[in-house]
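Residues per chain are reported as follows:
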Amino acid sequence: MTDTGMRQRLAAILAADVAGYSRLMAADERATVAALDAARGIFRRLIESNQGRVVDMAGDSVLAVFETASGAVSAALTVQKELAQAADPLPEERRMRFRIGVHLGDVIEKADGTVYGDGVNIAARLEALAEPGGITVSETVQMAQRNRSAVAFEDQGEHAVKNIAHPVRAFRGRGADEGAAPAL
């Protein structure tokens with residue numbers, strides 16, 4: 001850490017939020033809060049088991065950092081799988097689905113563990129590009145993961161995203177158990 005209590009480092013950043021959260025809250029606040037609490041438990045357990053750290057869980061969002069892109073992608077895919085299984089018995093309109101974005105980039109980390117910077121912002125913009133129940137990763141994550149796991153990446157092209165000076169190339173990530181062939 002520097003004298004200011006901040007350090008810059010490379011991290012894999014996972015940003016997630018609930019698709020349709022306001023609609024779910026309007027329909028049934030208590031059930032939505034209970035489902036959110038259960039989902040946060042799944043996120044926390046799988047983030048930590050993949051060598052990640054939860055930074056924040058404000059509102060309906062989750063922000064975590066990982067030492068590796070593979071840890072972040074593995075956590076994201078497993079979270080989505082477990083959340084889908086947990087929601088399966090519910091009526092379609094009551095299912096809580098998260099969108100997850102993953103980016104590998106620089107962050108500034110304060111002494112209290114909070115993180116800031118372009119890396120966090122890009123992860124959040126990728127999350128907004130993800131389908132409900134899906135994950136979207138940056139090109140840096142896709143490159144780091146290539147040939148390392150049974151994850152297939154579908155190129156979604158470059159996107160101009162809010163408050164980021166350059167276009168961001170996005171990839172939809174799918175695990176082998178989702179019918180995707182392993183990445184080549």
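Because the structure is a prediction, the values reported are computed rather than measured.

**Remarks on the overall build of the protein**
Thinking step 1. Scanning the protein for helices and strands turns up five helices and eight strands.
Thinking step 2. Element order for the protein, N to C, with α for helix and β for strand: β-α-α-β-β-α-β-β-α-β-α-β-β.
Thinking step 3. Its C-alpha atoms give the protein a radius of gyration of 16 Å, within 12% of the compact-globule value 16 Å for 184 residues.
Thinking step 4. Buried residues in the protein amount to 47% of all 184 residues.

**Digging into the nonpolar core**
Thinking step 1. Core analysis: the biggest nonpolar cluster contains 36 residues, and L14, F43, F66, F98, I100, V102 and V137 have the highest contact counts within it.
Thinking step 2. Of all the elements in the fold, those that place two or more residues in this core are strand 1 (6-19), helix 1 (21-27), helix 2 (29-49), strand 3 (61-66), helix 3 (69-87), strand 4 (97-110), strand 6 (135-138) and strand 7 (151-159).
Thinking step 3. Counting residues per element, this core draws most heavily on helix 3, which supplies eight residues.
Thinking step 4. A11, A15, L63 and V107 belong to the second-largest nonpolar core, a separate cluster that totals 10 residues.

**Side note on the pattern of salt bridges**
Thinking step 1. Under the defined criterion, the tally for this structure stands at 13 salt bridges.
Thinking step 2. E154 is the partner of R172 in a salt bridge, and the nearest nitrogen-oxygen pair spans 2.9 Å. Here the residue R172 occupies a position in strand 8 (residues 168-175), and E154 occupies one in strand 7, the gap between them amounting to 18 residues.
Thinking step 3. Given a relative accessible area of 14%, R172 falls into the buried group.
Thinking step 4. Of the residues examined, E154 reaches a relative accessible area of 40% and is grouped as partly exposed.

**Let's talk about the packing of aromatic side chains**
Thinking step 1. Counting across every chain of the model gives one aromatic pair.
Thinking step 2. Pairing F43 with F98 gives two aromatic rings, centres 4.8 Å apart and planes at 65 degrees, and the pair type is edge-to-face. One end of the pair, F43, is in helix 2; the other, F98, is in strand 4, and 55 residues separate them in sequence. In terms of burial, F43 and F98 fall into one category: buried.

**Brief notes about helix 3**
Thinking step 1. Compared with an ideal rise of 1.5 Å per residue, which puts 19 residues at 27 Å, helix 3 spans 27 Å between its outermost C-alpha atoms and is within 8% of the ideal.
Thinking step 2. By the burial criterion, the buried members of helix 3 are A69, G71, A72, V73, A75, A76, L77, V79, Q80, L83 and A87.

**Quick word on the packing of helix 2 against helix 3**
Thinking step 1. Their axes nearest at 9 Å, the elements helix 2 and helix 3 cross at an angle of 150 degrees. In terms of their interaxial angle, helix 2 and helix 3 are classed as roughly antiparallel. As for the relative orientation of helix 2 and helix 3, their crossing is right-handed in sense. Packed against helix 2, whose contacting residues are A39, I42, F43, R45, L46 and I47, the element helix 3 presents A75, T78, V79, E82 and L83 at the interface.
Thinking step 2. By residue class, the composition of the contact of helix 2 with helix 3 is eight nonpolar, one polar and two charged.

Rules used in this analysis
- Throughout this document, residue positions are counted from 1 along each chain, in the order its sequence is written.
- Residue-level local features of this predicted model are given only where pLDDT is at least 70; pairs of side-chain atoms are given and counted only at 80 or more, and the full residue set underlies all totals for whole chains, interfaces and linings.
- The side-chain values count all of the structure's non-hydrogen atoms but skip hydrogen atoms and water molecules.
- Strands here mean DSSP runs of E at least two residues long; helices mean DSSP runs of H or I at least four residues long; both are numbered from the N terminus.
- Between the two quantities, the radius of gyration covers C-alpha atoms and the globule rule is 2.2 Å times the number of residues to the power 0.38.
- Each residue's exposure class comes from its accessible area (1.4 Å probe, protein chains only) as a fraction of the maximum for that residue type: buried when under 20%, exposed when over 50%, partly exposed otherwise.
- Buried Ala, Val, Leu, Ile, Met, Phe, Trp, Tyr and Cys residues form a nonpolar core when they are joined through side-chain atoms within 4.5 Å.
- Think of a salt bridge as a Lys or Arg side-chain nitrogen and an Asp or Glu carboxyl oxygen that are within 4 Å of each other.
- Working definition: rings of Phe, Tyr and Trp (its six-membered ring) pair if their centres are within 6.5 Å, and the pair is stacked with planes under 30 degrees apart, edge-to-face with planes over 60 apart, and tilted otherwise.
- One less than the residue count of a helix, multiplied by 1.5 Å, gives the span that helix is expected to have.
- Lines fitted to C-alpha atoms define the axes, with helix axes restricted to the stretch in contact, and inter-axis angles between N-to-C directions lie between 0 and 180 degrees.
- Roughly parallel covers angles under 35 degrees, roughly antiparallel covers those over 145, roughly perpendicular covers 65 to 115, and oblique covers all other angles.
- Each crossing is labelled by how the near helix is turned from the far one, with a counterclockwise turn of less than a right angle marking it left-handed and a clockwise turn marking it right-handed.
- Here, two residues are considered to be in contact whenever any of their heavy atoms come within 4.5 Å of each other.
- Charged residues are taken to be Asp, Glu, Lys and Arg, nonpolar residues to be Ala, Val, Leu, Ile, Met, Phe, Trp, Tyr, Cys and Pro, and polar residues to be all remaining types, Gly included.

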